[in-house]
Structure formats: structure tokens, C-alpha cells
Amino acid sequence: RREQLAPGGRFLTEREISCRFAVSRATANKALSSLVAEGMLEFRKGVGTFVRGDALEYDLRTLVSFTDKARAAGKTPSTRVLAWETVAGAALDPAVQEALRAGPKDCLFHIVRLRLADELPVILEYRYVVARHCPGLERADLAGSLYAVWTDKCGLAIAGADETIRAINLSARDAERLEVAAGAAALEVVSVGYLGRGEPLWWERTLYQGEAYELHNRLGPIQEARPAAGVLRMVGAN
């Protein structure tokens, strides 16, 4: 709180706390765990404990690239491309094929990316893109903002996206990629993005590391009930 340790800086180890404050290792461990739970520290698997910086924001109202959001938060964005291939519509899950209006012989780009802020994995993306809308898309384009590539390189007009957001516990495979414990909390965002003509461009399942992101939104005054642009729906409620 006195800012003697900068955000992102390494914090004392359990052993250092025990020696410096003359407490047991169990007490030191509890103190570290409490500070992590309060959001003041963050534990990086296999690396150590660090002072936590500001959480990244997820804007519920507009499409904003991760690259721009990370830079605005004072973090350095980077991307690891885990998969890049062309697949046929027939290979898609039926729900994805329907969402993209893809025929069995249509070509799609299958992309898996890990997005990092200050070298820490914060987002895992699984995405399918309709290839005919951006035939010039290349693996090298995946290193940064796809929104920028689509608008600047491909000349596409992105109209928006439909999203479903829910809280989940990560599978062992996804947790390993995000460098957190299996079963850790995450936000799952499933979205379909559209061009200006209402044609689907991409389907995406994105996992946001739970400790790295906050949801932000602004609510207006109370109004009479009417169809809303954003809805929080209870699932499984009686």
C-alpha cells in the first residue's frame, strides 16, 4: 500500500517471511495465501509470488482488441500461436457450423492463440474464421490484433458480435496453457462476430484467466421493461 514494491515486482518468499518476521513457515504460507486471496499478490506457477498490478478490463459494450486494452493498462501484450490450419465445414461441431452458416465444403481458418500481458498468459482463444471473407490472412497476421488485420488489411467492416459469458472451472489442458491450477476459475466467452451485411465472420470460444480480468459496464437509470442489448440470464434456476 505504501508502494515500496512496484506492481509486477517479486514479493518475499515463504522462507524470507519466516526469517524476517520470526514466524513459522505455516504462518508465512497463510499470510501469502491471504494476500493472494485479497488481490494484492499473484502466484505464478513455477516462478513465485509477485505484487499484483491493475486487472485488465473486459468491456461488455464494445469490441476492443486485447492489444489495445493491455497497452492502455500499462502492460506489454504478446501472442503465442498454438494452432493455425485450414479446415472444411464438415469438420466443425454442428453448432459452430450452423452459427457460421458454413457448408460442408466451405473453408475456414482454425486458430488457437494464447494472449499474454507482461509475459503472463491471460487469454486462451479458440477461433474459426470464414476464409472467403479474408483470403489473404496469414499466420504472421495472428501476432497482434485480428480486428486491425480485418479492417486495415482485408478492408472488412466489423458490425459487432453476439456474446454469451459464463463462469467456469478450467480443464486440465486449458489450465496448463494458462499456467494456473486445474479447476481454476475463468470467464468463458462464446461469441459470433458479424460483418456489416450481417454475415458471420468468426466463431470464438475465449477463456479469460479469472484473476487477471474484471468485467466493467455502466448502467443507466431505471426504465420500463423492454428488450435489452445486454442480458444477465440465470441458468438452471427453478
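Because the structure is predicted, anything quoted here is derived from the model rather than measured. Counting restarts for each chain: residues are numbered from 1 in the order of the written sequence. At least 70 in pLDDT is required for a residue's local features to be given in this predicted model, at least 80 for side-chain atom pairs to be given and counted, and no such filter applies to totals for whole chains, interfaces and linings, which use all residues. Excluded from the side-chain calculations are hydrogens and water; all other atoms, namely the structure's heavy atoms, are used.

Per-residue confidence from the prediction method is given by pLDDT, with values spanning 0 to 100. Averaged over the chain, the pLDDT score is 83; the fraction of residues at 70 or greater is 82%. The helix and strand labels rest on DSSP assignments: H or I over at least four residues marks a helix, E over at least two residues marks a strand, and numbering proceeds from the N terminus. Element-level mean pLDDT values for the chain span from 51 in strand β3 (residues 56-59) up to 95 in helix α4 (residues 94-99).

What follows concerns the nonpolar core. In plain words, nonpolar cores are sets of buried Ala, Val, Leu, Ile, Met, Phe, Trp, Tyr and Cys residues tied together by side-chain atoms within 4.5 Å. Summary of the burial criterion: residues with accessible area below 20% of their type's maximum are buried, those above 50% are exposed, and those between are partly exposed, where the area comes from a 1.4 Å probe applied to protein chains only. Counting 14 residues, the largest nonpolar core has Phe109, Val129, Cys134, Leu137, Trp150 and Leu201 as its most contacted members. We call two residues contacting when some pair of their heavy atoms lies within 4.5 Å. Those residues in contact with valine 129 that sit more than four places away from it in its chain are Cys107, Leu108, Phe109, Ile111, Cys134, Trp150, Leu201 and Trp202. In terms of nonpolar packing, the next biggest core, distinct from the first, is built from twelve residues, Ala83, Val112, Tyr126 and Ala175 among them.

Since the α-helix packs 3.6 residues into each turn, any two residues three or four apart lie on the same face. When helix α5 (residues 146-153) is considered as a whole, its buried residues turn out to be Leu146, Val149 and Trp150. Angular distribution of buried residues about the axis of α5 spans 95 degrees; they occupy a single face of the element. Where α5 is buried, its residues touch β5 (107-117), β6 (120-130), β7 (158-169) and β9 (200-209). Sitting at the amino-terminal end of α5 is serine 145, which places a side-chain oxygen 3.3 Å from the backbone nitrogen of tyrosine 147. Where α5 terminates, the next one or two residues include glycine 155, which has phi positive at roughly 70 degrees. Within this analysis, the arc is defined by the directions that extend from the helix axis to the C-beta atoms. Polar contacts here mean pairs of N or O atoms no more than 3.5 Å apart (in protein, one a potential hydrogen donor and the other a potential acceptor; neighbouring residues in sequence count only if both atoms are side-chain atoms).

All right, on to the side chain of threonine 206 then. Secondary-structure assignment places threonine 206 in strand β9. A polar side-chain atom of threonine 206 sits 2.5 Å from a polar atom in the side chain of glutamate 204. When sequence neighbours within four positions are dropped, the list of residues in contact with threonine 206 reads Ile123, Leu124, Glu125, Leu187, Glu188 and Val189.

What the six strands build is an open sheet, ordered β4-β5-β6-β9-β8-β7; its pairing is antiparallel. Here the strands that pair on one side only, and so sit at the sheet edges, are β4 (77-88) and β7. Going across the sheet, the axis of each strand differs from the next one's by a mean of 15 degrees, ignoring polarity. For two strands to be treated as a pair, DSSP must find at least two bridges joining them. The axes used here are C-alpha line fits, helices contributing only the stretch in contact, and every angle between their N-to-C directions lies in the interval 0 to 180 degrees.

With that out of the way, let us pick up helix α2 (residues 25-37). A helix is expected to span 1.5 Å for every residue after the first. Counted at 1.5 Å a residue, the expected span for α2 with its 13 residues is 18 Å, and the 18 Å between its end C-alpha atoms agrees. Following α2 by one or two positions, glycine 39 has its phi on the positive side, about 85 degrees.

Moving on, we get to the pattern of salt bridges. Any Lys or Arg side-chain nitrogen found within 4 Å of a carboxyl oxygen on Asp or Glu counts as a salt bridge. One pass over the structure, following the stated rule, counts nine salt bridges. A salt bridge links arginine 25 to glutamate 14; its shortest N-O distance comes to 3.0 Å. With arginine 25 in helix α2 and glutamate 14 in helix α1 (residues 14-21), the pair connects residues that are eleven residues apart, well separated along the chain. Sharing partners across several salt bridges, the network here consists of Arg113, Arg115, Glu125, Arg127 and Glu204.

On to the packing of aromatic side chains. Aromatic rings in a pair are described by how distant their centres are and how their planes are angled relative to each other. Stacked, tilted and edge-to-face are the three classes applied to pairs of Phe, Tyr and Trp rings, where Trp contributes its six-membered ring and a pair requires centres within 6.5 Å; stacked means planes under 30 degrees apart, edge-to-face means over 60, and tilted covers the rest. Scanning the entire structure with this criterion turns up five aromatic pairs. Aromatic pair tyrosine 147 and tryptophan 150: ring centres 6.2 Å apart, planes at 45 degrees, arrangement tilted. Remark: tryptophan 150 and tyrosine 147 occur in helix α5; sequence separation between them is three residues, near one turn of the helix. Aromatic pair tryptophan 150 and tryptophan 202: ring centres 5.0 Å apart, planes at 15 degrees, arrangement stacked. Pair noted here: tryptophan 150 is in helix α5 and tryptophan 202 is in strand β9, with a separation of 52 residues, a long-range link. Of the two residues, tryptophan 150 and tryptophan 202, neither departs from the other in class, the shared state being buried. Among the aromatic residues, those joined into a ring-pair cluster are Tyr147, Trp150 and Trp202.

Between α1 and α2, the shortest axis-to-axis distance is 8 Å and the interhelical angle comes to 115 degrees. You can see that α1 and α2 cross each other, and the crossing is right-handed. Contacts between α1 and α2 involve Glu14, Arg15, Ile17 and Ser18 on the former and, on the latter, Arg25, Ala28, Asn29 and Leu32. The handedness criterion is simple: a crossing whose near helix is rotated anticlockwise from the far helix by less than a right angle is left-handed, and one whose near helix is rotated clockwise is right-handed.

With respect to the helices, strands and loops of the structure, isoleucine 165 is situated in strand β7. Here the alpha-carbon distance between isoleucine 165 and arginine 205, two residues 40 residues apart in the chain, equals 10.0 Å.

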